[in-house]
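# Observations on chain architecture
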Amino acid sequence: MSRVLTLRDSLREAMSEEMRRDPDVFLMGEEVAEYNGAYKVSKGMLDEFGPERVIDTPITELGFAGVGVGAAMNGLRPIIEFMTWNFAVLAFDQIINNAAKTLSQSAGQYRCPIVFRGPSGAAGQLAQQHSQTFESWMANCPGLKVISIVDPADSKGLLKSAIRDNDPVCFMESEMMYGLKGEVPEGEYLVPIGKAVVRKEGTDVTIVSYNKSMELVKEAATKLEAEGISAEVIDLRTIRPLDIDTIVTSVKKTNRLVVVDECWPFAGVSAEVAYEVQKYAFDYLDAPVTRVNAADTSLPYAATLVEEYMPNAAKIIKAVKEVSYAGV
Amino acid sequence: MAVTTKPKKKTAKKAKASSYSKETYLSWFEVMYRIRRFEERTLMAYGQQKIRGFCHVYIGQEAIAAGMVSALTSEDKVVTAYRQHGIALSRGLDSKSCMAELFGKATGCVKGKGGSMHFFSKEHNYFGGNGIVGAQIPIGTGIAFAEKYRKTSNLAVTMFGDGAARQGALYESFNMAETWDLPVLYICENNGYAMGTSVERTSSVTDIYKMGQPFNMPSEQVDGMSPEAVHEAMTRAAEYIRSGQGPYFLEIKTYRYKGHSVSDPAKYRTKEELQHYKNLDPVKAIEAKILADKIASETEVKAIKDAIKQELDEAVKFAEESPQPDPSELYTDNYTQEDYPFITD
Ligand SMILES: Cc1ncc(C[n+]2csc(CCOP(=O)(O)OP(=O)(O)O)c2C)c(N)n1
Ligand SMILES: [Mg+2]
């Protein structure tokens, strides 16, 4: 049995179920309690769990991320919500220098089972400081796991896995997709961290993506299908560890790869995927791996510039035709 | 209302009895009226989807901008947060370029690249609206550092909200500024809320001016609904800072009549509370005072209002008719290097 839920509802179900299951889990962040979450993800959770477990913080990202790390080292399982990942930049010291390093520094004596979550990526005309994509930043750091997903059902299963995981997990959502609807199974289920999923099977080209770009990829794949190009579509779901097997298996079948990645191109997720594929499927490639990224610039406010900056279905179709030598 | 803590070297003077010229009153009124009407047009244009993204208006806080205009010089530097249209206008940015910026047009004060949160104007010594809460506090401190370094007599006004006062950057900045006697005027615009969170819910010390005390920084609480009070406190602070004695901190108590941003219905406060502050409306109050005390005639006040209405009609028209930035502008202003090799595939 399943029902249709929005991404925001499925994330809330994941947190609430885990908080019912384990009294050590708590939620902390700006506006998560009385305001019901800046994007209403935690709506109603204060009422159910009370102010000891759903905690409004001052605007002190470094401070409350650090409080989370300390609590995690001392046996709790914090969920730290950042209003967006842009503000998590203030907390990078705690995420990178502490959460990611605790196990190594203490030679395994202290774990840091913590989830840092919030939306990543551009969300319309929000200008330079509020539009950044953090998957490649966080995935660069050993010690962290990174999940980036908007599919409601998988988001729920992955967030539950993240909360139960004994390592620090960065969980990336999307401001623009909190209202995205999908079938979500009833009852208890987990989705494993580190496993990509084939969303659509195809024969001519593999398109790999994650987070809200998946919606663009689906749109592009449908249009390509109508033009006789059959795309296999992979949703990475987890960025670190990267499920390279699923990608390589697909590329061995289609012989062509386009990576759609809202991160900036330089050392972005697309760069890592391309490296792995040239290493493990070199002989199977019929065209160079191609990618569609956000532009190699800051994102300004004006509509024309946002349009130029962002990946879109047309850019994906163009890239697919390029690797297919199909003439653009 | 001024509460002065013990300054490190010298006690700040108490406010003098206020008596200001007709010009001063009218200029305060003009600044405040312009901001109020500009923001109303902003909200209207937002409703028509001509302005997008995050948009935070200054309605209710106008007296702070007005008092600042008369207390400072145009050489003084100003940096603030994203709730910045009013401050930018008061520093002299013209309403056309500000409205065009909100519309995302190439004629905007930052060519349509910044939008509501990020106006800048080097010409007006305006160091911009910052979208990261509290980030401008150390930046303003650095602007002051440069003024001292170059031995000017300018000060750096560093403005932030009550919510921003929780960021660690504030404490780090206060300590450096006081230790190094930097010419910085810190202004906390305490409007009672950071998004949906009241000061009481996130602070063990609700009188924010007291946060200057551990650093031996002279600190006062000021009535932000009165341009006179703001002017006097800032004048006192500026005098102190310009004499080389280091930073000064003003907590200016104010209120925002609208939600945090256009998308906030502000359910976290009561109608009674909002009404209480609306009764103190600084724009209405100064107009009433000007007329009641016969500082200027009704005709003179009306002339100012009419001129501003016309100015804003023109600003909106200008914004509407201006072109959008060319897509190629995406690749300008990322580096000063003209031929920077961007990754484009
Ligand atoms: C570092 C950071 N954290 C969170 C946010 C989201 N945010 C934007 S405004 C705001 C409230 C700030 O309140 P305050 O400083 O009182 O300023 P006001 O809006 O009242 O002018 C928050 C939490 C942000 N922009 N930057
Ligand atoms: Mg505030």
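Here the structure is a predicted model, which means the values were calculated and not measured.

## Some thoughts on the overall build of chain B
If you tally the helices and strands in chain B, you get eleven helices and eight strands. Against the globule reference of 20 Å for 345 residues, chain B gives a C-alpha radius of gyration of 20 Å, in line with a compact fold. With respect to the three principal axes, the spread of C-alpha positions in chain B is 60 × 55 × 40 Å. Looking at chain B as a whole, 52% of its 345 residues are labelled buried.

## Section: the overall build of chain A
Check the secondary structure of chain A and you find 13 helices and 14 strands. The globule rule puts the C-alpha radius of gyration for 328 residues at 20 Å, and the 20 Å found for chain A is close to it. Viewed in the frame of its principal axes, chain A has a C-alpha envelope of about 60 × 45 × 40 Å. The buried share among the 328 residues of chain A stands at 58%. Within chain A, residue pairs in contact and separated by at least 24 positions form 80% of the contacts whose partners lie at least 6 positions apart.

## Thoughts on the nonpolar core
Counting 199 residues, the largest nonpolar core has Phe-116, Ile-207, Val-258, Ile-316 and Val-320 of chain A together with Met-32 and Leu-185 of chain B as the members making the most contacts within it. Built from parts of two domains, this core gets at least three residues from each of domain 1 (2–185) and domain 2 (197–323) of chain A. Discounting chain neighbours no more than four positions away, the residues touching Met-32 of chain B are Glu-62, Ala-63, Ala-66, Pro-282, Val-283 and Ile-286 of chain B.

## Things to note about the domain arrangement of chain A
Residues and elements named next belong to chain A. One can read the domain layout of chain A as domain 1 (2–185) and domain 2 (197–323). One C-alpha centre belongs to domain 1, the other to domain 2; they are set 26 Å apart. At the junction of the two partners, domain 1 supplies 25 residues and domain 2 supplies 23 residues. At the level of elements, α7 (135–139), β6 (145–148) and α8 (152–164) are the ones that each hand at least two residues to the side of domain 1 that touches domain 2. Looking at the side of domain 1 that touches domain 2, the element that brings in the most residues is β6, giving four residues. Among the residues forming the side of domain 1 that touches domain 2, the class breakdown is twelve nonpolar, nine polar and four charged.

## Focus: the site of ligand 1
Contacts to ligand 1 come from 20 residues, most closely from Phe-87 of chain A together with Val-133, Gly-161, Gly-163 and Ala-194 of chain B. Per-site note: the chains with residues close to ligand 1 are chains A and B. Its residues assigned to classes, the shell around ligand 1 shows ten nonpolar, six polar and four charged.

## Some points on helix α2 (residues 62–71) of chain B
Residue and element names in this part refer to chain B. Across the ten residues of α2, ten count as buried, placing the element largely inside the fold. The complete set of buried residues in α2 reads Glu-62, Ala-63, Ile-64, Ala-65, Ala-66, Gly-67, Met-68, Val-69, Ser-70 and Ala-71. On its buried face, α2 is in contact with α1 (22–47), α3 (85–90), β4 (184–190), α8 (227–245), β8 (248–253) and α10 (282–292).

## Concerning the confidence of the model for chain B
Residue and element names in this part refer to chain B. Model confidence for chain B is summarised by a mean pLDDT of 94, while 95% of its residues fall at 70 or above. Below pLDDT 50 for its whole length, residues 1–18 participates in 31 contacts with residues either more than four positions away or in separate chains. Across the assembled chains, the prediction reports ipTM 0.93 with pTM 0.94.

## Some remarks on the pairing of strand β2 (residues 25–29) of chain A
Residues and elements named next belong to chain A. Most of β2 is tucked away, with five of its five residues classed as buried. Alternating residues of β2 divide into Val-25, Leu-27 and Gly-29 and Phe-26 and Met-28, and every residue in both groups is buried. Strand direction decides the pairing type here: β2 and strand β4 (residues 77–81), joined by five bridges, are parallel. Paired with Phe-26 across the strands is Pro-78, a residue of β4. Bridge count for β2 against strand β3 (residues 54–56) is three bridges, and the pairing is parallel.

## Some words on the sheet that holds strand β7 (residues 219–223) of chain B
Residues and elements named next belong to chain B. Spatial strand order, β2-β1-β3-β4-β8-β7: six strands in an open sheet with parallel pairing. The sheet terminates laterally at β2 (126–130) and β7, the two strands that pair on one side only. Strand-to-strand twist in this sheet, taken as the mean axis angle between neighbours without regard to direction, amounts to 15 degrees.

## Section: the sheet that holds strand β13 (residues 257–261) of chain A
Residue and element names in this part refer to chain A. The strand order β9-β11-β10-β13-β14 describes an open sheet built from five strands, whose pairing is mixed. Edge positions in the sheet fall to β9 (197–200) and β14 (290–293), since each of these pairs with one other strand and no more. Looking at each pair of strands side by side, their axes are set apart by 25 degrees on average, direction ignored. Packing of helix α11 (residues 269–280) onto the sheet brings it into contact with β10 (205–209), β13 and β14, and relative to β13 it is tilted by some 160 degrees.

## Re the interface of chain B and chain A
Contacts between chain B and chain A engage 37 residues on the former and 30 residues on the latter. Of the residues contributing to the side of chain B that touches chain A, the split by class is 14 nonpolar, 18 polar and five charged.

## Regarding α1 of chain B
Given a rise of 1.5 Å per residue, 26 residues ought to cover 38 Å, and the 37 Å separating the end C-alpha atoms of α1 of chain B matches this to within 8%. Directly beyond the C-terminal end of α1 of chain B, a positive phi value near 60 degrees is found at Gln-49 of chain B.

## What about the packing of helix α10 (residues 244–254) of chain A against α11 of chain A?
Residue and element names in this part refer to chain A. Contact geometry of α10 with α11 gives a least axis separation of 10 Å together with a crossing angle of 55 degrees. When the axes of α10 and α11 are compared, the pair comes out oblique. In the packing of α10 onto α11, the handedness of the crossing is right-handed. Across the interface between the two elements, Ile-244, Ile-247, Val-248 and Val-251 of α10 pack against Val-273, Glu-276, Val-277 and Tyr-280 of α11. Residues belonging to the contact of α10 with α11 are distributed by class as follows: seven nonpolar, no polar and one charged.

## Remarks on unusual backbone geometry
A cis geometry characterises the amide bond from Arg-240 of chain A onward to Pro-241 of chain A, with omega recorded as 0 degrees. For Pro-241 of chain A, the position within the fold is in the loop between β12 (238–240) and α10. At Lys-111 of chain B, a position not held by glycine, the phi torsion is positive, near 60 degrees. Positionally, Lys-111 of chain B belongs in the loop between α4 (95–102) and β2. Judged by the 21 C-beta atoms lying within 10 Å of it, Lys-111 of chain B falls in the buried class.

## Considering the environment of Phe-215 of chain B
Residue and element names in this part refer to chain B. Tracing the backbone through its elements, the reader meets Phe-215 in the loop between α7 (199–202) and β7. The exposure class of Phe-215 is partly exposed, given the 19 C-beta atoms found within 10 Å. Not counting chain neighbours up to four residues away, the residues in contact with Phe-215 comprise Phe-174, Asn-175 and Glu-178.

Conventions used here
Residues numbered from 1 in each chain as written. Chains lettered and ligands numbered in written order. Predicted model: local features only at pLDDT ≥ 70, side-chain atom pairs only at ≥ 80, totals over all residues. Helix = DSSP H or I, 4+ residues; strand = E, 2+ residues; numbered from the N terminus. Rg over C-alpha atoms; globule rule 2.2 N^0.38 Å. Buried ≥ 20, exposed ≤ 12 C-beta atoms within 10 Å, placed from the backbone. Contact = placed C-beta atoms within 7 Å. Core = buried A, V, L, I, M, F, W, Y, C linked by C-beta atoms within 7 Å. Domains from an automatic or database assignment. Nonpolar A, V, L, I, M, F, W, Y, C, P; charged D, E, K, R; others polar. Near = placed C-beta within 6 Å. pLDDT = per-residue confidence, 0-100. Pairing = 2+ DSSP bridges. Axes fitted to C-alpha atoms, helices over the stretch in contact; angles between N-to-C directions. Expected span 1.5 Å × (residues − 1). Parallel < 35°, antiparallel > 145°, perpendicular 65-115°, else oblique. Left-handed = near helix turned anticlockwise from the far one by under 90°.

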